[in-house]
Amino acid sequence: MIYLYDPHGYCGKSVMLDALSVPFRKIDAYGVYTESNTNNFTNERLWDKRFLAMPDNKNPKIVKYGRFHQFTGDDPIDVDIKNKRGFTVK
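Residue positions are given per chain, counting from 1 as you read along its sequence in written order. Local features in a predicted model are, by the rule used here, given only for residues with pLDDT of at least 70; side-chain atom pairs are given and counted only at 80 or more, and totals for whole chains, interfaces and linings are based on all residues. To get the side-chain values, take all heavy atoms of the structure and skip hydrogens and water.

## Examining the pattern of salt bridges
Two side chains that carry opposite charge are able to pair once their charged atoms sit near each other.
Next up, step 1: Each salt bridge in this description consists of a side-chain nitrogen of Lys or Arg and a carboxyl oxygen of Asp or Glu lying within 4 Å of one another. Enumeration according to the criterion identifies 3 salt bridges in this entry.
Next up, step 2: With a closest N to O distance of 3.4 Å, Asp28 and Lys49 form a salt bridge. Linking Asp28 in the loop between helix H1 (13–26) and strand S1 (30–32) with Lys49 in the loop between helix H2 (42–46) and strand S2 (51–53), this pair joins segments that are 21 residues apart in sequence.
Next up, step 3: We call a residue buried when its accessible area falls under 20% of the maximum for its residue type, exposed when it is over 50%, and partly exposed in between, using a 1.4 Å probe and counting protein chains only. Looking at Asp28, the relative accessible area reads 56%, which means it is exposed.
Next up, step 4: Asp48 is paired through a salt bridge with Arg50; the nearest N and O atoms lie 3.6 Å apart. Only DSSP runs of H or I reaching four residues or more are called helices, and only runs of E reaching two or more are called strands; each is numbered from the N terminus.

## Here's the deal with the confidence of the model for the protein chain
Next up, step 1: A residue's pLDDT is the confidence the predictor assigns to it, expressed on a 0 to 100 scale. In this model, the protein chain carries a mean pLDDT of 81, and residues with pLDDT of at least 70 account for 96%.
Next up, step 2: Per-residue pLDDT, averaged within each element of the protein chain, yields its smallest value for helix H3 (residues 66–72) (77) and its largest for strand S4 (residues 87–89) (88).

## Quick notes on the environment of Asn83
Next up, step 1: Take Asn83: it is sitting in the loop between strand S3 (77–79) and S4.
Next up, step 2: On the accessibility criterion, Asn83 (85% relative accessible area) is exposed.

## Digging into unusual backbone geometry
Next up, step 1: Look at Asp28: it is not a glycine, yet its phi comes out positive at around 55 degrees.
Next up, step 2: Backbone geometry at Asn83 places phi at a positive 60 degrees, although glycine is not the residue there.

## Topic: the packing of aromatic side chains
Next up, step 1: Whether two aromatic rings pair depends on their centres lying within 6.5 Å, for rings of Phe, Tyr and Trp, where Trp uses its six-membered ring; planes under 30 degrees apart make the pair stacked, over 60 edge-to-face, and the rest tilted. One pass over the full model with this rule turns up 2 aromatic pairs.
Next up, step 2: A centroid spacing of 5.2 Å and a plane angle of 15 degrees characterise the contact between Phe24 and Phe51, whose relative ring orientation is stacked. Placement of Phe24 in helix H1 and of Phe51 in strand S2 is noted, with a sequence separation of 27 residues between them.
Next up, step 3: Given a relative accessible area of 14%, Phe51 falls into the buried group.
Next up, step 4: Taking the centre distance of 5.6 Å and the plane angle of 20 degrees together, the rings of Tyr30 and Phe51 count as stacked.

Structure below.
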């Protein structure tokens with residue numbers, strides 16, 4: 001996990017994350033997670049990815065709560081896929 005703390009913005013986080021993600025995009029192993037863009041199918045977009053970017057996060061305790069904690073911990077998560085049967089993974 002890399003956490004970039006930038007309370008004021010404009011320090012180049014997006015440029016750096018974009019550069020880091022290039023090799024992962026080539027093998028379809030990159031996902032972007034934002035709290036404002038979540039729905040029942042968010043886990044479908046994010047599961048089985050090797051690089052997960054969370055742009056514009058201001059919560060330094062993000063790894064202790066919610067979906068991100070499920071991804072990084074050993075908790076099972078439900079993956080619902082459109083028009084297919086969902087499943088649970090760790």
